[in-house]
Amino acid sequence: MPELQDIVAQIVEEVRAEKDHGTASDALPQLAGADLDKVGLAVVTADCEVAVAGDADEPFSLQSISKVFSLTLALEAYGEDVWKRVGREPSGDPFNSIIDLERHEGFPRNPFINAGALVVVDLLLDRAEGDEADLVRSLLVRLAGDENVRIDEEIASSDASSSYTNQALANFAKSFGNLNHSVDSVIEAYTRQCSLSLSSRDLAKAGRFLMNNGADPEAGTILADGHSARQIASLMMTCGQYDGSGEFAARVGLPAKSGIAGGILAVAPRMASIAVWSPGLDKNGNSMLGTLALAKLSQRTGWSVFG
Ligand code: GLN
């Protein structure tokens, strides 16, 4: 097999040459204006080899990828009790859909759709004294070993002012008694958490504990119960790309979580943590070139949870 660095560089070159780079999210003006030619790919292996190419050092907002890290904190704090508030089933609906919340009486299908993430934020607010996003930031700083992980305040304030659907989801959950804090405080913490910005290189580092049963090679124990880390990976596999999760599993075969800024965090258990960023999205809101890059990487390395 060629050197990992050569594979990574080659893949970035190939995906950049694609004709269709997808469409930037129009949810926020800061995302809508993104440069669709940007592609960053970073891989950190179990023995700490780092391979990066393209725009891997350029920061982007995590958006829904932040849900992996808030769920990590919630599982460490509450263990299996988390599943009394949120389910573990794929929804087959878009990330901000409200339909299932009505059908299941305020019990979100999983923690990676917006409704589920809002309930997880609500849980964490009990521990965070108001600053839930800073709790998530501290975890990312610890994992990435980089103090530069920051909340992009411009994205945070613009997201908060346009979050009518998320407010509807939070109100709905609250009307069924599945939100303890005020809708405003949950929305504020959630939008700040989504605005956490870091590079693909740092994100790949931050995902290492997931390939390793909850232990990070530098930061130490993140999830004391290895089962929790495997649960997160299983949810990434089944729910990480929303209504595109089945197609993604068939193409890439790795647990992964996407965000509407174009980032994807993927995990090859015991092998590598991978982060890719390219702002153009496909019809399900997942990075188009990012998904293609991961498909190529899994083919060329043989990394797949399906053997
Ligand atoms: N901040 C976005 C939202 O709440 C995150 C969604 C996403 O990345 N899919 O809608």
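Residues numbered from 1 in each chain as written. Predicted model: local features only at pLDDT ≥ 70, side-chain atom pairs only at ≥ 80, totals over all residues.

- Under the annotation held in an unreviewed UniProt entry, the protein chain carries the name Glutaminase and is attributed to Aureimonas populi.
- Under the Subunit (unreviewed entry) heading, UniProt states for the protein chain: "Homotetramer."
- What UniProt records for the protein chain under Sequence similarities (unreviewed entry) is the sentence "Belongs to the glutaminase family." (UniProt positions renumbered as here; feature names shortened; annotations may be inferred.)

1. Focus: the UniProt feature "binding site: substrate" (unreviewed entry) in the protein chain
- Here the UniProt-annotated "binding site: substrate" (unreviewed entry) positions come out as Ser-64, Asn-114, Asn-166, Tyr-190 and Tyr-242.
- Examined against the element boundaries, Ser-64 turns out to sit in the loop between strand 3 (60-61) and helix 3 (66-78).
- When near neighbours in sequence (up to four residues on either side) are disregarded, Ser-64 contacts Phe-95, Phe-112, Lys-257, Ser-258, Gly-259 and Ile-260.
- Structurally, Asn-114 can be placed in helix 5 (residues 114-128).
- What makes Asn-114 buried here is the crowd of 25 C-beta atoms within 10 Å.
- Those residues in contact with Asn-114, other than ones at most four positions away along the chain, are Phe-95, Asn-96, Asn-166 and Leu-169. (Helix = DSSP H or I, 4+ residues; strand = E, 2+ residues; numbered from the N terminus. Contact = placed C-beta atoms within 7 Å. Buried ≥ 20, exposed ≤ 12 C-beta atoms within 10 Å, placed from the backbone.)

2. Things to note about the sheet that holds strand 4 (residues 150-151)
- Taken together, 3 strands build an open sheet; the order of strands is 3-5-4 and the sheet is antiparallel. Each edge of the open sheet is held by one strand with a lone partner, namely strand 3 and strand 4.
- In this structure, strand 4 lies alongside strand 5 (residues 196-198), joined through 2 bridges in antiparallel fashion. Note on strand 5: the bridge partner recorded for Ile-151 is Leu-196.
- This element, helix 6 (residues 132-144), spans strand 4 and strand 5 of the sheet and lies at about 15° to strand 5. (Pairing = 2+ DSSP bridges. Axes fitted to C-alpha atoms, helices over the stretch in contact; angles between N-to-C directions.)

3. Things to note about the sheet that holds strand 1 (residues 40-45)
- Pairing is antiparallel across the open sheet formed by 5 strands, whose spatial order is 2-1-10-9-8. The two strands at the open ends of the sheet, each matched to only one other strand, are strand 2 (50-54) and strand 8 (256-258). Put simply, the sheet's adjacent strands are angled 10° from each other on average, direction ignored.
- Here 3 bridges tie strand 8 to strand 9 (residues 263-268), and the two strands are oriented antiparallel to one another. What sits directly across from Ser-258, in strand 9, is Ile-264.

4. Quick notes on the environment of Lys-296
- Along the polypeptide, Lys-296 turns up in helix 13 (residues 288-301).
- For Lys-296 and Val-8, which are 288 residues apart along the polypeptide, the C-alpha to C-alpha distance reads 9.4 Å.
- Dropping the residues within four chain positions of it, Lys-296 is found in contact with Ile-11 and Glu-14.

5. So, unusual backbone geometry
- You will see that Asn-213, though not glycine, has its phi angle at about 55°, which is positive.
- The topology assignment puts Asn-213 in the loop between helix 10 (200-206) and strand 6 (215-216).
- Although it is not a glycine, Tyr-242 sits at a positive phi angle of roughly 55°.
- Inspection of the secondary structure puts Tyr-242 in the loop between helix 11 (226-239) and helix 12 (245-251).
- With 24 C-beta atoms counted inside 10 Å, the residue Tyr-242 sits in the buried group.

6. Considerations on helix 3
- Over its 13 residues, helix 3 runs 18 Å from end to end, which matches the ideal 18 Å to within 8%, given 1.5 Å per residue.
- Counting buried residues in helix 3 gives 10 out of 13 residues, a clear majority hidden from the surface.
- Listed as buried for helix 3 are Ser-66, Lys-67, Val-68, Phe-69, Ser-70, Leu-71, Thr-72, Leu-73, Ala-74 and Leu-75.
- Immediately downstream of helix 3, the backbone of Gly-79 shows phi near 55°, a positive value. (Expected span 1.5 Å × (residues − 1).)

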